[in-house]
Amino acid sequence: MSKVLLIKPRFIGLEFPFITQPLGLMYIGAVLKKDGHEARIHDCAEDHKDFHVLQCILKEWRPDFIGISIIITEVEQTKKIMEMIRKIIPRAPVIFGGPWPSANPEKSIEQLGADFVVMGEGDFVFPELIDAINNGLPTDSIAGTASMVKGHLKLNAGRHLMEDELNHLPFPAWELLDHKLYARMHSSAAVGCRPYMAVITSRGCPYQCAYCHQTMGKVFRKRSSQSVLAEIQELYIKHGFREFEILDDCFNLDRERMMVILNAIRDRFKDIKLHFPNGLRADLLEPQDMELFKQAGTVSVAFAVETANPRLQKMINKNLNIKKADLIIKASAQTGIYSIGFFMIGLPTETYEEASSTVKYAVNSSLHRAIFFRVIPFPGTKLAGIAADTLKNNDDIFDPLCMNYYNNYYNLSAMSDQELRKTFRRAYRKFYFNPKRIISLALHHPKFMVLPYYAFLTMIRALPGMNRQKGFKRSNPARIT
Ligand code: B12
Ligand code: SF4
């Protein structure tokens, strides 16, 4: 039996105040516990400024193994965490997992000092690696891992879990978390009642949006409705949770399964509240579906529209049916579900007119809230390939200014820097500086108390002077196909 510390670094700031429970680590923690190990999760949301809690855990608990779950914004924090680990317990093997290391195993080992990387889904691979190390077995050919072997990076392709395996996984280890932490921080959804819990009912997504990392693979694998309902039931009855965030990439890909789950939730659980902050695919829904979402207790949903322009929809490979999406948004808002839209401004080759048409679409829609993001070409995505010359210096991506959707210095579009800034500010002004929308937003927002904070953020996005950076990095539209 080993002591395994699972760490979640965090990137938290004024523009990124929210966190959700680290489901990946909770799944891994559950499997480790089932195998007889002692597992602990430390979420750095608690001490992200100086890691004082983490330091105590490392000194006092002295884990045998450490696993760190990393997304692209958390690389800087991970570097600091690694320094601390190496000072306090230099011999403990450190294993990285999650979206960023999976796409960057070499950097993880060479630049950040990981001993191993688990690429992709780690539910089975991580325990297998720990057992191999404990039993002195070879570690260099375990499927789904990367490590240095005689000075060379050895990558062993992994595989995604199959549906049957997903159905037989233990439920996430909820008991490893401090629920008070999530109750007091902002969440990705406008969760009203606390505490709440995150749930994932499927993995993978068959779409191929150019800006997405697709870390769970292109094959959609769904848990059975029975397994999903059993998880919700345990959370509802045993643990007393009443509010849930469903974090699937595409919960509604299988409409029949979606209906079975929603009907059962409506019939079995009283006073339940559901949120879909990671977005529903609007053009796969029918307007009447939104009534079922409402009956099942849905309070908020997000729709990732991204652009209202068919040419750009094609370019980013999203191919969303914009008219249908508008219809669904209307149906959603009509049922009283708090409806949020995501939009991207500054896509490669996007003209001022095209960006303005996206703003107009959002303004004319029934959305309660719209979030306009300034496009970031994250390395490893097709979008980064399209805008390759802006990323000549790949290490830029560790700069916090490159992570900020509202204030980064990329301009991949055909707009001048001034036009890009203007469109972005105008989007926020036109959408929000409208008494009708403010009233509808205030009436439908699930957590009225947080509105002043969001109003403040909207003001800084809408008013001139918020773009602090002096120069933009430009992409050469001629290179873009
Ligand atoms: C919840 C979520 C959030 C939350 C919490 C983010 C956080 N810091 O963890 C919020 C809303 C705040 C958020 C914000 C952002 N997110 Co986000 N988010 C998600 C989402 C929807 C679900 C994550 C989840 O719980 N998945 C389910 C669990 C089971 O999967 P998992 O965490 O990947 O874990 C599995 C494996 O990765 C692996 N694993 C994970 N950790 C570890 C650790 C070890 C030791 C091992 C061995 C294995 C392992 O095993 C796990 C079990 O199989 C994912 C999309 C997705 N479907 O995963 C995007 C995703 C993680 N987000 C992403 C991004 C880019 C962002 C943002 C930058 C912008 C955005 N797209 O919204 C911001 C950053 C904000 C910030 N402050 O840092 C990307 C990350 C890409 C990358 N290469 O890093 C993803 C993958 C979306 C995508 N498809 O592009 N996000
Ligand atoms: S639908 Fe979502 S998860 Fe699927 S490829 Fe597009 S952005 Fe990624």
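**With respect to the site of ligand 1**
Then comes step 1: Among the 39 residues in the neighbourhood of ligand 1, the closest are listed as Gly-24, Gly-67, Ser-69, Gly-97 and Gly-122.
Then comes step 2: Ranked by residues supplied to the shell around ligand 1, first place goes to helix H1 (residues 23–34) with five residues.
Then comes step 3: Among the residues forming the shell around ligand 1, the class breakdown is 22 nonpolar, 13 polar and four charged.

**Considerations on the site of ligand 2**
Then comes step 1: In the vicinity of ligand 2, the contacting residues are Cys-205, Tyr-207, Gln-208, Cys-209, Cys-212, Gln-214, Asp-249 and Cys-250.
Then comes step 2: Of the residues contributing to the shell around ligand 2, the split by class is five nonpolar, two polar and one charged.

**Examining the domain arrangement of the protein chain**
Then comes step 1: What the domain assignment lists for the protein chain is domain 1 (3–155) and domain 2 (186–462).
Then comes step 2: Centre-to-centre, using C-alpha coordinates, domain 1 lies 29 Å away from domain 2.
Then comes step 3: Contact residues are listed per partner, giving 14 residues for domain 1 and 17 residues for domain 2.
Then comes step 4: Only helix H3 (75–88) and helix H4 (99–103) provide two or more residues apiece to the side of domain 1 that touches domain 2.
Then comes step 5: Broken down by element, the side of domain 1 that touches domain 2 gets its largest block of residues, three residues, from H4.
Then comes step 6: Grouping the amino acids of the side of domain 1 that touches domain 2 by side-chain chemistry returns eight nonpolar, four polar and two charged.

**Describing the sheet that holds strand E3 (residues 65–69)**
Then comes step 1: Here we have seven strands laid out as an open sheet, ordered E2-E1-E3-E4-E5-E6-E7, and mixed in their pairing. Both edges of this open sheet fall to strand E2 (38–43) and strand E7 (152–155), since each of them pairs with a single strand only. The mean inter-strand angle of the sheet, taken between neighbouring strand axes irrespective of direction, is 25°.
Then comes step 2: When strand E6 (residues 145–149) meets E7, the two strands line up antiparallel, connected through four bridges. Across the sheet, Ala-146 pairs through a bridge with Leu-155, a residue of E7.
Then comes step 3: Lying over the sheet, H3 contacts strand E1 (3–8), E3 and strand E4 (94–97), oriented at roughly 170° with respect to E3.

**What to know about unusual backbone geometry**
Then comes step 1: For Phe-51, which is not glycine, the phi dihedral falls at a positive 55°.
Then comes step 2: Locating Phe-51 in the fold gives a position in the loop between E2 and helix H2 (52–61).
Then comes step 3: Here Phe-51 falls in the buried class, since 21 other C-beta atoms lie within 10 Å of it.

Reading the values: the criteria
Residues numbered from 1 in each chain as written. Chains lettered and ligands numbered in written order. Predicted model: local features only at pLDDT ≥ 70, side-chain atom pairs only at ≥ 80, totals over all residues. Near = placed C-beta within 6 Å. Helix = DSSP H or I, 4+ residues; strand = E, 2+ residues; numbered from the N terminus. Nonpolar A, V, L, I, M, F, W, Y, C, P; charged D, E, K, R; others polar. Domains from an automatic or database assignment. Contact = placed C-beta atoms within 7 Å. Pairing = 2+ DSSP bridges. Axes fitted to C-alpha atoms, helices over the stretch in contact; angles between N-to-C directions. Buried ≥ 20, exposed ≤ 12 C-beta atoms within 10 Å, placed from the backbone.

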